[in-house]
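Spelled out, the chains give:
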Amino acid sequence: MTTTMIPTSHTPRVLKGVLRDAHVARLAAVLLLLLVFFAVVKWQNFSSIVTWQAMAVQFPEFGLLALGVMLTMVLGGIDLSVVGTANMTAIASAMLMLQIAPAGSGSSAGFLALGAAVAFSLVLGAVAGALNGFLVAKVRIPAILVTLGTFELFTGIGLVLSDGKPISGMPPEYAYVMGSRIAGYVPMVLVIFVIGAVLIWFLMNRTAFGTKLYMLGSNETAATLSGLKRTSLIVRTYMLSGLFAASAGLVMLANYNSAKADYGTTYTLLAILIVVLGGINPNGGTGRLAGIVLAVIVLQVLSSLLNTFPDVSNFYRPLIWGGVLLLVIVVNQWDGRGNLSRMLRWRGRAS
Amino acid sequence: MNVRVAARKVVRQNEFYILLVIVALSMAIQMRSGLFFTANNLVDLAGAMVVPGIFAVGTFMVLVSGGIDVSFPALASLAVYATTRILVDAGWQGGLWLPLLLVVGIAAVLGAFNGLFTASIAIPVLIITLGTANVFTGFMQGALSSVQIPNIPQAMAEFGRASLFVTENPQTGHLARLPVAFLLLVLIVALAFVVMRFTTFGRSIYAIGGDESSAARAGVNVRRTKFLLYVIAGVLAGIAGLVRTSMMGQMHPTNLLGMELMVIAAVVLGGAAITGGRGTLTGAMLGTLLIVIVQNSMILLGIPTIWQSIALGVLILVGTGISAVQITRSRRGQGALLS
Amino acid sequence: TPGGQSNGGGDEEREAGDGDYTIAIVPKDSTNPWFVRMEEGVERYADESGMDVFQRGPSDTDATMQAQVIQDLIAQDVDAIGVVPVDPAAIENVLKQALDAGIVVVTHEGASQQNTMYDIEAFNNDEYGAFIMDNLAAAMGEEGLYTTMVGHVTNASHNEWADGAVARQEEAYPDMQLLEETPRVESQDDGEVAYQMANQLLKAHPDLKGVVGTSSFDAPGVARAIEENGLIGEVFASGTGMPADNKEILEKGIVKSLTLWDPAGAGYALASLATKILDGEEVADGIDLGVEGYEDMQFAEGSDTVLEGNGWIEINADNVEDFGF
Amino acid sequence: MLTVDNIIALRNIRKAFSGVQALDDITLEIAPGEVHCLAGENGSGKSTLIKVLSGVHAPDSGEIVLGDHSFRSLTPGEAISQGVQVIYQDFSVFPNLTVLENLAFTSEISERRKFISWRRMRRIAEEALKKIGVDIDLSARVDSLSVAQKQLVAIARALMNDARLLVLDEPTTALTKREVDRLFGIIGELTSRGVAILFVSHKLDEVFEISQRFTIIRNGKHVITCLPEELDRKSFSSYMTGREFDQTPFEPADVADAPVLELEGLGIAGAFEDVSLSLHPGEILGITGLLGSGRTELALSMFGVLRHDTGRILLDGRPVALRSVRDAIAHDIAYVPEDRLTEGLALERSIGKNITIPVIDRFVSRLGLLSGKRLGAEAERWVDRLRIATPSPDNAVSTLSGGNQQRVVLAKWLATDPRILILNGPTVGVDIGSKHDIHQVLRGLAADGLAVVIISDDIPEVLENCSRVLVMRAGRITHHVEPRETSEQELSEYMSEDIVEEVSR
Ligand SMILES: Nc1ncnc2c1ncn2[C@@H]1O[C@H](COP(=O)(O)OP(=O)(O)OP(=O)(O)O)[C@@H](O)[C@H]1O
Ligand SMILES: Nc1ncnc2c1ncn2[C@@H]1O[C@H](COP(=O)(O)OP(=O)(O)OP(=O)(O)O)[C@@H](O)[C@H]1O
Ligand SMILES: [Mg+2]
Ligand SMILES: [Mg+2]
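Since this is a predicted model, take the numbers as computed values, not measurements.

Chemist: I keep staring at the overall build of chain A and nothing clicks. Help me out?
Modeler: Of the regular secondary structure elements, chain A holds 16 helices and four strands. For chain A, the share of sequence-separated contacts (at least 6 apart) that also reach a separation of at least 24 residues comes to 76%. By element, 69% of the accessible surface of chain A is carried by carbon and sulfur atoms, the whole surface being about 12,700 Å².

Here is the structure:
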């Protein structure tokens, strides 16, 4: 707890802290191995900047969703409504943009629409999250039920708003800004993800909110007896999750230049997979941001690597993702507690 | 006096509120459409209950033990796909016993795969089954390059079409049939009830869900019990998958995927604690029934297609909300100091 | 100009016009037998041409996943991509990137796609819907109450076909009426849901006589409900479907006829068109893509990118055995 | 007189947990009919030894002798069938099951039955309760029972079978004197039947009252095995801790005249009624009473967790409304809860975070950022001040032993800089060394002008450390006692005076 704010000494210390967590260190090792394998087997793709740009455009969508889900899982809850929130907010803000800057309006109207859309979408996401938080904290419905219900609800609102059709024809300024590449290389959506991750890092490590969140997720009774505001913390956490879902919605709106009620339907489980692979305990109280970020990158690299083998069908993707998850679990167990040997012994006895 | 005690006990239970919600919803549908309490509709609902019902039994058992299994649709799909593929390729013309045996066998092996991990690694089951679910799906789609199988073995198709009885709407002459598979659901629920209530294995599942280390100290072989539990859950899922495929008359490999969250929600809605140890089979079935009714009454209620998601969401929230509020209220009277 | 722009690390052997191209065909999803059949056409083209032509799709019908597959293909520097868009709007950006990277882009079932060189349509969506309606009307005796079913309310072509069907009815079959309370239902691309929806429809509207199906799950699911309700010959379904999958319901007479085009042909035609563009051939009215139904492609009225082939197939109890797929 | 085939022995047992040598070559023999006391500081390895004996842990080396069988290691099932019964510190009950099942389930398991007969189980359960002479509703779920009732269930379960050895790991922490007496009666009866008892407790009076032989361990190593005559309290403590203590009664230095806290006719229906008291800065007020006497509810209402129905609370003479924990904290009230594990600590969080959580908002800069440096310093300060044994405050609380965990809870509340400190069972399950330290801290705080309330049924603790003692019974304050003018005996009588004990609610 003597971390200073001097960047030079800061970076290595952060890195050391991150790697001290054995799970995170193992994920980093997995990533490294994967990159080496990629480089050896597919140097041509590996060395091409396009490969990396393609990845950088893809993962922010589900990465941002995973960041939100992570917050709720640290609390011991879950948010299954993120995809619904993302689509609903994207549709609503796309419609707002079309109102402000219908096709053919000037660029000032376009930029105004852009700003309004971003603000509106984030507010709407936070409101959606607040509804989740309220139902979890005050009505005391289990989070899994609440967010399954609101997933349907938000998706439904998106459907009704859009009549089931894609909302497209965004003002070009939206694509211009959100699709831009900073310094010619770094996609804007990646920047958004990085900002999101840094924000969470700050929240979790540099604000009282983060500490309280971990405490509440770890032992709710103790946290309440310590004077923490349970309801407010839960509501704020789900609001943040909604906020991140909304930003994922904005990224999807940029990537597809349209919004629709059923985009990204596979992202719910993917986000949970990432969070869990990243080392967050679903029972709450533990987990590190670094794990999530690494898990996102590992899955993205795996998936892009897989796509470079035309002969390997995309259908192996879940097999490989699931395999990596199980592998990490087993390895964690193995050098953590020596349980692998116990498992083998037990298996011997049973047969 | 005793009646009052009993009544108070009932009122404290989740099942009671779910039942109330179901009754209220049925009334609403009846008033709106006049069609809820028709023989045909009830039979249709019973038919629609079969597959989610069987899934719910397995899910319930796992939840009681303190785990959350999200792999069962993938497991069922893989087991049934492999079975159907094998039998269709071999041109199987015989009876249902072989498909059943194959599905049960494969599902048991896949369940054992889950069981091996969950029994030996102290990590939340949700995480493990998230991994195995992906492995199962990936194996089916990748290694078996699954595609839809339009013509399933004769015996399965016949089983899917067989009905216990047929009801007729006197006005329209429309028929509704109760599939034989409904008997299977009844049988499985009855069996599960006996297992959970009257066997050491079943009570061990409750004990493990309540406090795993206490169970170990009491002499429960926790690993063997868990292992067996996941094998059973796998077999139940496989059977449910077989029923679905037989009833549809086609094998569609990805049809079941994505059902897990709804089934878990249904069981939790029925009062099973997500932290394990608590819940009743009655509750699980009522929860499933509620969800099935909601999903199967949209048109009767005249809700436009595009509004159906909203209606489903609101109903889930209202249904769970009512019972959550009531439970909190009745517990508060009991003098829980905190929370 | 295909292949003209190097995108970093691309291999230099694959220059325009050298006759050996890498062509990727991206379907909506690959478990669907429809696209499995399409892959047969793609593979046949690969065999015949000796080039690296393959099909690679998302594992679910999901626009975002499809976009990612395309993105990865761009990164791999393929020469051409042929796409059957899940949702044209969703992949505009990524197709633009492909075009910018010098990759040839062609689409199928994506008439509204902007960022494509050419779009091949087996037919016109409205006309196809009308054709489905003609089939249903014939079964229903051109009178009675009907409704429409789509895979998802978000599925554009299904909705266009359904709209086309309704338009056709309004114009040609005055004795038929669209069910006003529930003019469109959703099968969620799931036979079980289609069945349950049909059950509910029949209960709630006993005088319903027909269902216009669109997804390949619709007709079989509705057929099951018709059979179980004892309504064979009284209520009818129509829609899209593959012969092998629907043999039984056709032969039983639950469904009089279904409509389709051969997806294998579309897959072949996509690859063939891409090769012609890469070779620098001119694309004009009458272009022959070398496969049945696509031998004499014409530009759609008022368009210089949408090429329409000639038609669809009707299958019924008599010809269902003749297709071999 | 000892027949060889009845001896129970652990020989040269070693057990290490990733880095910690919890047991280092321990040998222990227990004779039939003997009450053997196992003593040692928190974390010395007592529970680990018991877990080896009961088959929960396999020892790394050594031998377990039960009668004429020798084992390298046991499984829980084997241990039970060899007649080893354990009542664990945490009772090992199933919170989600009924009393009936908790009592009868183990026997169903150990008899390897496949099916369960609820009638047979009911019979077994009824007998088990009869054996120890308590009456608890068999259909009540265990998580709705009080701590004492849970423990009674655990005891009844252990005694139900014909045990050869009954192990009790801190069995009396949650029991009141009366219940302890009854337990000791049961133990006497068992030993007369030849059952051996291995007894672990931090309460010296009990230990000396009941034990026939002592084994003391320190840091996983055997220190001494001897007869009670060979020990006095002082040497016992020094064998255990390697330190010497002497306990003198607390003399409040200067108690302010004006009360900081007053209760006037406070009451909560069904819990307590008409409680009036005043608390002055500089004093340590003891509140003692049996479980269920309303003492915990009283504490919770002073801390804003429970809302009182009647009466009022005055701070500095002014009535206040304590609607929430936050209100209480804002009024400088602190509360150390009864059960540190479920109510006091977030076990997987760091020691530092646990200590600073109630005051975390004080370390937020104007920009909303936490000052890690100041937080760390604060944590270090408390770790030093309360001598919490840890290499770093960044370690998880779960790495600490019970006594040290309790210090963390104390530090957490002292960090709020309270004027009123309420402690509910401040030294439950804490070894004498730590207990002494905690008492010293409390005395020091009082001397600095803090108003301290100790709620405890540990009579010596109350008598030695409090300036005044209130006795609660059945929801009312029945006696005001001056510690110097009373005796343990008298206090214990006040607590249980003509109470027909209501065990089940
Ligand atoms: N499962 C475990 N994993 C790792 N270390 C453990 C484990 N159980 C015990 N230990 C360590 O072994 C040592 C002995 O612990 P044990 O529980 O036996 O102490 P104890 O004498 O019962 O203490 P107390 O008086 O607090 O109950 C401690 O240092 C503890 O940290
Ligand atoms: N699974 C475990 N992993 C690591 N440490 C453990 C584990 N189980 C117990 N310990 C440690 O063992 C020590 C003693 O444990 P035990 O539960 O016997 O004591 P306690 O109840 O905390 O203390 P007390 O005797 O004061 O009540 C503690 O330091 C605890 O953290
Ligand atoms: Mg101990
Ligand atoms: Mg202890």
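Now that the structure has been shown, the text picks up again.
Chemist: Can you walk me through the overall build of chain D in this structure?
Modeler: Counting its regular elements, chain D contains 17 helices and 20 strands. Taken over C-alpha atoms, the radius of gyration comes to 24 Å for chain D, in line with the 23 Å a tight globule of 505 residues would show. C-alpha extents for chain D along the principal axes are approximately 70 × 50 × 45 Å. Looking at the 505 residues of chain D, the share that counts as buried comes to 59%. Partitioning the intrachain contacts of chain D with sequence separation of at least 6 by distance along the chain shows that 68% fall at a separation of at least 24.

Chemist: What is the right way to look at unusual backbone geometry in this model?
Modeler: Peptide bonds are, in most cases, trans, and in most cases residues other than glycine have a negative phi. Residues and elements named next belong to chain C. Positive phi, normally seen in glycine, also occurs at Asp77, with a value near 60°. Along the polypeptide, Asp77 turns up in the loop between helix 2 (63-75) and strand 3 (80-83). Not every positive phi belongs to a glycine, and Asp189 is a case in point at roughly 50°.

Chemist: Got a minute to help me understand the domain arrangement of chain D in this structure?
Modeler: Note: interface size is frequently given as the accessible area lost on complex formation between the parts. Split into domains, chain D comes out as domain 1 (8-241), domain 2 (246-332 + 418-505) and domain 3 (347-412). Each of domain 1 of chain D and domain 3 of chain D has a C-alpha centre, and these two points are 34 Å apart.

Chemist: Could you clarify how one ought to interpret the interface of chain B and chain A in this entry?
Modeler: Listed as interface residues are 49 residues of chain B and, on the opposing side, 46 residues of chain A. Counting the surface lost from both chain B and chain A, the interface buries some 4,200 Å², and carbon and sulfur atoms represent 81% of this. Interface area lost by chain B to chain A is led by Arg223(B), Ile306(B) and Leu317(B), which between them contribute 14%. Counting every contact that joins chain B to chain A gives zero salt bridges. Along the contact surface separating chain B from chain A lie two residue pairs in polar contact (both at pLDDT 80 or more). Where the side of chain B that touches chain A is concerned, the elements lending two or more residues are helix 5 (97-120), helix 6 (125-143), helix 11 (222-248), helix 12 (260-269) and helix 14 (308-333) of chain B. If you tally residues by element for the side of chain B that touches chain A, the top one is helix 6 of chain B, at 14 residues.

Chemist: What's the story with the site of ligand 2 in this structure? I'm lost.
Modeler: Residue and element names in this part refer to chain D. Near ligand 2 there are 13 residues, and of these Asn42, Gln89, Ser398, Leu400 and Gly429 occur at the shortest range. Interatomic distance of 2.7 Å between a backbone N/O atom of Leu400 and an oxygen atom of ligand 2. Here ligand 2, which alone exposes 620 Å², has 53% of that area covered by the protein. Tallying contributions element by element places helix 14 (residues 402-414) first for the shell around ligand 2, with three residues. Partitioning the shell around ligand 2 into residue classes produces one nonpolar, ten polar and two charged. Two domains each provide a minimum of three residues to the shell around ligand 2, namely domain 1 (8-241) and domain 3 (347-412).

Chemist: Can you walk me through the interface of chain A and chain C in this structure?
Modeler: Contact with chain A, which involves 40 residues of that partner, is made by 31 residues of chain C. Summing the contributions of chain A and of chain C, the shared interface buries around 2,900 Å²; its carbon and sulfur component is 49%. Per-residue buried area on chain A facing chain C is highest for Tyr256(A), Asn307(A) and Phe315(A); these three make up 20% of the total on that side. Counting every contact that joins chain A to chain C gives one salt bridge. Linking chain A to chain C there are twelve residue pairs in polar contact (both at pLDDT 80 or more). Mapped by element, the contributors of at least two residues to the side of chain A that touches chain C are helix 3 (43-46), helix 4 (49-74), helix 12 (230-256) and helix 14 (289-307) of chain A. When residues of the side of chain A that touches chain C are assigned to their parent elements, the largest contribution, seven residues, is made by helix 4 of chain A. When its residues are assigned to classes, the side of chain A that touches chain C shows 17 nonpolar, 19 polar and four charged.

Chemist: Got a minute to help me understand the sheet that holds strand 1 (residues 22-26) of chain C in this structure?
Modeler: Hydrogen bonding along the main chain pairs the strands of a sheet, whether they run parallel or antiparallel. Residue and element names in this part refer to chain C. Read across the open sheet, the seven strands follow the order 2-1-3-4-5-13-12; overall the sheet is mixed. A single partner strand is all that each edge strand has here, and the edge strands are strand 2 (52-55) and strand 12 (298-299). Summarising the sheet, strand 3 and strand 4 (residues 104-108) pair through four bridges and their orientation is parallel. Within strand 4, the residue paired with Val83 across the bridge is Thr107. Lying on the sheet, helix 1 (residues 33-49) is in contact with strand 1, strand 2 and strand 4; it crosses strand 2 at an angle near 175°.

Chemist: Explain the arrangement of the chains here, please?
Modeler: For the five pairs of chains in contact, the maximum contact count is reached by chains A and B. The smallest C-alpha distance separating chain C from chain D is 38 Å, and no contact links them.

Reading the values: the criteria
Residues numbered from 1 in each chain as written. Chains lettered and ligands numbered in written order. Predicted model: local features only at pLDDT ≥ 70, side-chain atom pairs only at ≥ 80, totals over all residues. Heavy atoms only, no water. Helix = DSSP H or I, 4+ residues; strand = E, 2+ residues; numbered from the N terminus. Contact = heavy atoms within 4.5 Å. Areas by Shrake-Rupley, 256 points an atom, 1.4 Å probe, with all protein chains shown as cover. Rg over C-alpha atoms; globule rule 2.2 N^0.38 Å. Buried < 20%, exposed > 50% of the residue type's maximum accessible area, 1.4 Å probe, protein only. Domains from an automatic or database assignment. Buried area = accessible area lost by both parts, 1.4 Å probe. Salt bridge = Lys/Arg side-chain N within 4 Å of Asp/Glu carboxyl O. Polar contact = N/O pair within 3.5 Å; in protein donor to acceptor, adjacent residues only side chain to side chain. Near = heavy atom within 4 Å. Nonpolar A, V, L, I, M, F, W, Y, C, P; charged D, E, K, R; others polar. Pairing = 2+ DSSP bridges. Axes fitted to C-alpha atoms, helices over the stretch in contact; angles between N-to-C directions.

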